[in-house]
Amino acid sequence: MGAVRLRAEWVVAYDGAGHRLLQAGEVVFEGPTIIFVGRGYDGPMALDLDLGQAVVGPGFIDLNALFDLDSTVLGFDNQPDHLHGRVWPRSYLERGPREVYTADEQDFGRYYAMVQLILNGITTAQPIASLLYRAWAESADEFTRIADVAGALGLRAYLGPAYMTGLTYTDEAGNPRRHFDEARGLAGLEEARQFVREVDGRHGGLIRGMLAPDRIETCTPELLRRTRDAARELGCPVRLHCCQSAYEFASVREQHGLTPIEWLASLDFLGPRVMLPHGIHLSGTPYTDVPGTGDQELLAASGATLVTCPIVAARYGEAMVSFKRFREMGINLAFGTDTWPPDMVANLREAVHLCRVVERRSDALSTAEAYEAATLGAAKALGRDDLGRLSPGAKADIAAFRLDRPELGPLVDPLQSLLIAGSGRDCCLTVIDGRIVMQDRQIPGVDLEVLRWRAQAQYDKLRSTYPERTPGHPPVEAIFRPTFEVMP
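These remarks concern the structure in this document. Keep in mind that this is a model prediction, so the values were computed, not measured.

**Focus on the pattern of salt bridges**
When charged atoms on two side chains of opposite charge get close, those side chains can pair. Across all of its chains, the model carries 41 salt bridges by this definition. A salt bridge links D15 to R20, with the shortest nitrogen-to-oxygen separation between them at 3.2 Å. In this structure D15 comes out as partly exposed when scored by relative accessible area, which is 46%. Taking relative accessible area as the criterion, R20 reaches 45% and is therefore assigned partly exposed. Measuring nitrogen to oxygen at the nearest pair gives 3.0 Å for the salt bridge that ties D200 to R208. Judged by its relative accessible area of 27%, R208 falls in the partly exposed class.

Quick look at the structure:
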């Protein structure tokens, strides 16, 4: 096609040391690669786009990206989880869990989620989906289909089916219990390993493999050891949900006599390509009774990344304690959206607010520090020095956000204003690997209105299945109460 120039009022340029703001800037890419960042490009061009009052920056990297129709939002006002169909009761486990969705419905949910990520300026995604309504875990077959859908849409994705050696359920009294099936989990790991071998590098390198053991409290030591070895053999990243809940923290200590981070360190599991959502329940924080910063010191020394998902954490009354403090200790930090909406701008804003509340300081976390984590920090976690930055030689993964919408108010600073009053809906251009995949809120070949109606119908079906996974099997209306009583 030839070179494409993007011009805008503001560009977030990378100067080799960090992000810098460039006013009246230009970004030029040819094929999948950025060839110029600055002003006054005078080379030949196939396309010249003037975005006007906008900020052009690197596409966001979402390391815990929602790849589903989000069921966690059903718990927004309907708590506790185990009384509202969010944890399997023993009766459901003993009856035999089932696949709630057909294969076609599963594929649609993934497709719908990927479209939303692109609309929000997310150019690289590492998926997460609920296993609540699965028979057990995810399959390589479905992820092979996902890889092709992502490739067709143009999304850069790190993919691998989730696997597990156990799960949590509740007994008749509502107490959490653990069920293990190690053979099934180890078979899932082998299937995931083969998947990575087969798909890594597909679609011109957009699709890369990763390993995704589900939750630390339901992983056996053998599963984690074999995952560690497989990741090192394959040279791929690993993501493990960790330090997420009080139950998880207590469960790991009960089983192994160590904090979750200490246990991972004892297994030689931690390392620079390991990503751990959510990084809340750690030693020396108000969420645990273990004093000191031993967990944080182990993380910093290992090079592992904590993936913070501030919106979903805040919904449960929690926050990382503290993003700023962990960053100063040398822990690599990145972001995940993890829930609906998959809005990275909103998550950065939430992180800034929560950190300032936790630290009781208005300067506790800056826009720059949060933005760096969602770009440079995430790229570091993936071992990619060609992502998360706009500089010659980097991948042409770019997101532009409008700054001229009346809702943003008077401009203070392009990124500060975006975090103060903007959202992912202000994204007006998404470029991935040099391909314009979204422009002016339109994705070629995607009818957003048809998608919306189909998603609603499928979501209504999902809601209707909640009684079978809720103790006592109450009707749906009793599980999900309206905000106010509905008038007759």
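**A short note on the nonpolar core**
Grouped together as the largest cluster of nonpolar side chains are 113 residues, with contacts concentrated most on L211 and L276. For this core, the element with the most residues is helix α2 (residues 103–119), which contributes seven residues. Ignoring any residue separated from it by four or fewer positions in sequence, one finds L211 in contact with Y163, L189, A192, R193, V196, T227, A230, A231, C236, P237, V238 and R239. Within the second largest apolar cluster, 20 residues are counted, among which are A13, V27, A396 and I398.

**Looking at the sheet that holds strand β11 (residues 166–170)**
The strand order β7-β11-β12 describes an open sheet built from three strands, whose pairing is mixed. The sheet is open, and its two borders are formed by β7 (88–89) and β12 (176–180), each paired with just one other strand. Relative to β11, β7 runs parallel, the two sharing two bridges. From the neighbouring strand, P89 faces β11, where its bridge partner is T170. Against the sheet, helix α6 (residues 246–256) makes contact with β11 and β12, and its axis sits at roughly 60° relative to β12, the strand it touches most.

**Topic: the state of the cysteines**
Scanning all chains against the criterion turns up zero disulfides. Sulfur of C219: no disulfide; nearest cysteine sulfur belongs to C242 and is 9.7 Å away. C355 takes part in no disulfide bond, and the closest cysteine sulfur, belonging to C309, lies 16 Å away. The class for C355 is buried, based on a relative accessible area of 2%.

**Quick word on the sheet that holds strand β16 (residues 274–276)**
Pairing in this open sheet of four strands is parallel, and the strands run β15-β16-β17-β18 from one edge to the other. The outermost strands of the open sheet, each flanked by one partner alone, are β15 (238–239) and β18 (332–335). With two bridges connecting them, β15 and β16 associate as parallel partners. Bridge assignment links R239 to a residue of β16, and that residue is M275.

**Some details on helix α12 (residues 367–381)**
If you check α12, its first and last C-alpha atoms are 20 Å apart, about what 15 residues at 1.5 Å a residue would give, namely 21 Å. The largest bend along α12 measures about 45° and falls at A373. Taken residue by residue, α12 has T367, E369, A370, Y371, A373, A374, T375, L376, G377, A378, A379 and A381 as its buried positions. Following α12 by one or two positions, G383 adopts a phi angle in the positive range, close to 70°.

About the cut-offs
- Numbering of residues starts from 1 in each chain and follows the order in which that chain's sequence is written.
- Per-residue local features are limited, in this predicted model, to residues with pLDDT of at least 70; the limit for side-chain atom pairs, both in listing and counting, is 80 or more; totals at the level of whole chains, interfaces and linings are taken over all residues.
- Each side-chain value is derived from all of the structure's non-hydrogen atoms; neither hydrogens nor water enter the calculation.
- Between Lys or Arg on one side and Asp or Glu on the other, a salt bridge is scored when a side-chain nitrogen of the former is within 4 Å of a carboxyl oxygen of the latter.
- Three labels apply to residues, based on accessible area from a 1.4 Å probe with only protein chains included: buried if under 20% of the type maximum, exposed if over 50%, partly exposed otherwise in between.
- Each nonpolar core is a collection of buried residues, namely Ala, Val, Leu, Ile, Met, Phe, Trp, Tyr and Cys, held together in the definition by side-chain atoms within 4.5 Å.
- Under the DSSP-based scheme used, a helix requires at least four consecutive residues in state H or I and a strand at least two consecutive residues in state E, with every element numbered from the N terminus.
- What makes two residues a contact is simply this: any of their non-hydrogen atoms within 4.5 Å.
- At least two DSSP bridges between two strands are required for those strands to pair.
- Where helices are involved, their axes are fitted lines through C-alpha atoms of the stretch in contact, as for all axes, and angles between N-to-C directions lie from 0 to 180°.
- Disulfides are defined as cysteine sulfur pairs within 2.5 Å.
- By definition here, a helix of n residues has an expected span of 1.5 Å times n minus one.
- For a residue, the bend is simply the angle between two axes, fitted respectively to the seven-residue segment ending there and the seven-residue segment starting there.

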